[in-house]
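Listed below, chain by chain, are the residues.
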Amino acid sequence: MGLMLLFLCCACSSIDCPVQNTVATQYAICDGEGNATTLTDTLWIISRRSDGTDTLLNSLVEAQSFTLPISYSHPEDTLLFIMHGTDGIWTLDSVFLKKEDIPHFESVDCSAHFFHRLTNVRCTHYAIDSVTIENPEVDYDQSKTHLRIFFGGMVR
Amino acid sequence: MTRARHIFASFLAAWCVNTAAAQGFLRLERDSIPLFRGVAVGFDVAGAAQLAMSDYGQIEGMARVNLHDQYFPTVEVGLGRASHKDDEVTGISYHTSAPYLRLGVDVNLMKKKHTGNRVFAGLRYAFTYYNVDIDCKPFPDPVWQWDTTYGVKDQSCYQHWAEVLFGIDAKVAGPLHLGWSIRYRLRLAHDDGPTGKVWYVPGYGIQENSRLGYSFNAIIDI
């Protein structure tokens, strides 16, 4: 009887991986007073990748927020923000995002992921006034804003 | 107000009846059989078979005191082990090996308690402190494409849980008994470490589907 139970229990297994398993950073675009606002310029964001491609975000315009991937295991992500203003001027800024990478485990049946803790962010200041960390924990929760980015004069 | 008083009185009456019934059920029978009826030791065949046939399981022994063939204070000690290597889909390996302890008591529900065959219900409190190794073969970052290494070593975890069980114990020959039990488990407290979750907990099983457990014991009266 016991062995029969054992076979029955061994016969069943389930895989219960989270459906929402994207780990990415959410940026909110803000004006000088910290209020959410809309970016009027066109924005590209690139980063050097090992396969030779580089674009993370393509031609973003009229947006109040955007989502960017975060590297699995590099201590610092370097992001190049390219902006094309309505006045035809091109501007480049670099954003350096430091973080701790925390292996996240659900089950042996679920693929390996990393959560992250943002520790520091710095940037150049041609078009960007500043970038601040709003919520340092980056995980499956896509509803929270992780970073606020303040543009000078390119928002309305 | 009167209605509330009636409801309270009904509740009190029901509680008194239930308490009396429970006391009758738990009261030690008065007969010539002595209170101390010996000690038995056993081995969980199901856990060992599970360990032999899959990549996790446990080696578990138990000892219990027989009080008047009615109450059985029980201790269960085991070594839970999981060794899942290079999952064919995810490439993840998981290893843990640690002891666990369960303490509790079984109550014989049979009307004739001294036949040697028993139907019992029981409660357990259990805990384990264990370390987990998780690693994965290097894999490319999905965006940047650099090779990524993933893993933790000796991650300290613990879990406390309770079990409610129902089982049967049959006298086979001489001092040998065979018995099985079905167990409902409830996690009381746990720390799965900074990785968020664990897969196998020694003595408890796979996290996702271990609410129900089972054991099949070979027991010898000593």
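Residues numbered from 1 in each chain as written. Chains lettered and ligands numbered in written order. Predicted model: local features only at pLDDT ≥ 70, side-chain atom pairs only at ≥ 80, totals over all residues.

**Student:** Would you explain the overall build of chain B in this entry?
**Tutor:** Across its full length, chain B holds two helices and ten strands. Its helices and strands taken in sequence order, chain B reads α-β-α-β-β-β-β-β-β-β-β-β from the N to the C terminus. Taking contacts inside chain B between residues at least 6 apart in sequence as the whole, the part at least 24 apart equals 60%. (Helix = DSSP H or I, 4+ residues; strand = E, 2+ residues; numbered from the N terminus. Contact = placed C-beta atoms within 7 Å.)

**Student:** Just to check I follow, could you spell out the overall build of chain A for this structure?
**Tutor:** Looking only at helices and strands, chain A features one helix and ten strands. Counting across all 156 residues of chain A, residues that qualify as buried make up 27%. Considering only contacts in chain A between residues 6 or more positions apart, those separated by 24 or more positions represent 55%. (Buried ≥ 20, exposed ≤ 12 C-beta atoms within 10 Å, placed from the backbone.)

**Student:** Explain the nonpolar core to me, please; I cannot follow it from the model alone.
**Tutor:** B:Ile92, B:Tyr94, B:Val198, B:Trp199 and B:Tyr200 are the most contacted members of the largest nonpolar core, which totals 21 residues. Elements represented by at least two residues in this core include exactly strand 4 (92-108), strand 5 (118-140), strand 6 (147-173) and strand 8 (200-201) of chain B. If you tally residues by element for this core, the top one is strand 5 of chain B, at five residues. Once residues within four sequence positions are removed from consideration, B:Tyr94 is found in contact with A:Val108, B:Ala82, B:His84, B:Ile134, B:Trp199 and B:Tyr200. Of all hydrophobic cores here, the second largest spans 17 residues; its members include A:Ile29, A:Leu43, A:Ile45 and A:Phe151. (Core = buried A, V, L, I, M, F, W, Y, C linked by C-beta atoms within 7 Å.)

**Student:** Teacher, can you tell me more about unusual backbone geometry here?
**Tutor:** Among all residues save glycine, negative phi is the norm, and among peptide bonds the norm is trans. Residue and element names in this part refer to chain B. Positive phi values are uncommon outside glycine, yet Asp 86 reaches one of about 45 degrees. Unusually for a residue other than glycine, Asp 154 sits at a positive phi of about 50 degrees. Under the C-beta neighbour-count criterion, Asp 154 is labelled exposed, with 8 such atoms within 10 Å.

**Student:** Help me understand the environment of A:Phe150 in this model?
**Tutor:** For A:Phe150, the position within the fold is in strand 10 (residues 147-151). Residues A:Phe150 and A:Ile29 lie 121 residues apart in sequence; the distance between their C-alpha atoms is 6.2 Å.

**Student:** Any chance you could explain the interface of chain B and chain A here in plain terms?
**Tutor:** Interface size is commonly expressed as the accessible surface area that is lost when the partners come together. At the junction of the two partners, chain B supplies 35 residues and chain A supplies 27 residues. Of all the elements in the fold, those that place two or more residues in the side of chain B that touches chain A are helix 2 (45-53), strand 4, strand 5, strand 6 and strand 10 (212-221) of chain B. By residue class, the composition of the side of chain B that touches chain A is 20 nonpolar, eleven polar and four charged. (Nonpolar A, V, L, I, M, F, W, Y, C, P; charged D, E, K, R; others polar.)

**Student:** What's the story with the sheet that holds strand 9 (residues 137-138) of chain A in this structure? I'm lost.
**Tutor:** To summarise the sheet geometry, strands pair through backbone hydrogen bonds and adopt either a parallel or an antiparallel arrangement. Residue and element names in this part refer to chain A. In spatial order, the strands read 3-2-5-6-7-9; together these six strands make up an open sheet with antiparallel pairing. Of all strands in the sheet, those bounded by a partner on one side alone are strand 3 (55-60) and strand 9. Pairing of strand 5 (residues 76-84) with strand 6 (residues 90-104) involves nine bridges; the strand directions are antiparallel. For Thr 78, the partnering residue across the bridge sits in strand 6 and is Phe 96. (Pairing = 2+ DSSP bridges.)

**Student:** What is the right way to look at the environment of B:Ser54 in this model?
**Tutor:** Among the secondary structure elements, B:Ser54 is positioned in the loop between helix 2 and strand 2 (56-67). A C-alpha to C-alpha distance of 9.2 Å links B:Ser54 and B:Ser83, two positions 29 residues apart in sequence.

**Student:** Which parts of the structure should I look at to understand the sheet that holds strand 8 (residues 128-133) of chain A?
**Tutor:** Residue and element names in this part refer to chain A. With mixed pairing, four strands are arranged side by side in an open sheet as 4-1-10-8. Of all the strands in the sheet, just strand 4 (65-69) and strand 8 have a single pairing partner and so form its edges. Here the average twist between neighbouring strands, direction ignored, is 25 degrees. Pairing of strand 8 with strand 10 involves five bridges; the strand directions are antiparallel. Bridge assignment links Val 131 to a residue of strand 10, and that residue is Ile 149. (Axes fitted to C-alpha atoms, helices over the stretch in contact; angles between N-to-C directions.)

**Student:** Please clarify how the confidence of the model for chain B should be interpreted in this entry.
**Tutor:** Caution is warranted with low-pLDDT regions, since their predicted coordinates should not be read in detail. Residue and element names in this part refer to chain B. With 86% of its residues at a pLDDT of 70 or more, chain B shows a mean pLDDT of 87. In the predicted structure, residues 1-5 sits below a pLDDT of 50 and forms zero contacts with residues beyond four places in sequence or in another chain. Counting contacts from residues 11-21, a segment whose pLDDT is below 50, to residues more than four positions away or on other chains yields zero contacts. Listed scores for the predicted complex are pTM 0.79 and ipTM 0.79. (pLDDT = per-residue confidence, 0-100.)

**Student:** Just to check I follow, could you spell out the pairing of strand 5 of chain B for this structure?
**Tutor:** Sheet faces and side chains relate simply in a regular strand, where the side chains alternate between the two faces. Residue and element names in this part refer to chain B. Where strand 4 meets strand 5, 14 bridges bridge the pair, whose relative direction is antiparallel. From the neighbouring strand, Ser 93 faces strand 5, where its bridge partner is Asp 135. The pairing of strand 5 with strand 6 spans 20 bridges and is classified as antiparallel. Counterpart to Asn 131 in the pairing with strand 6 is Ser 156.

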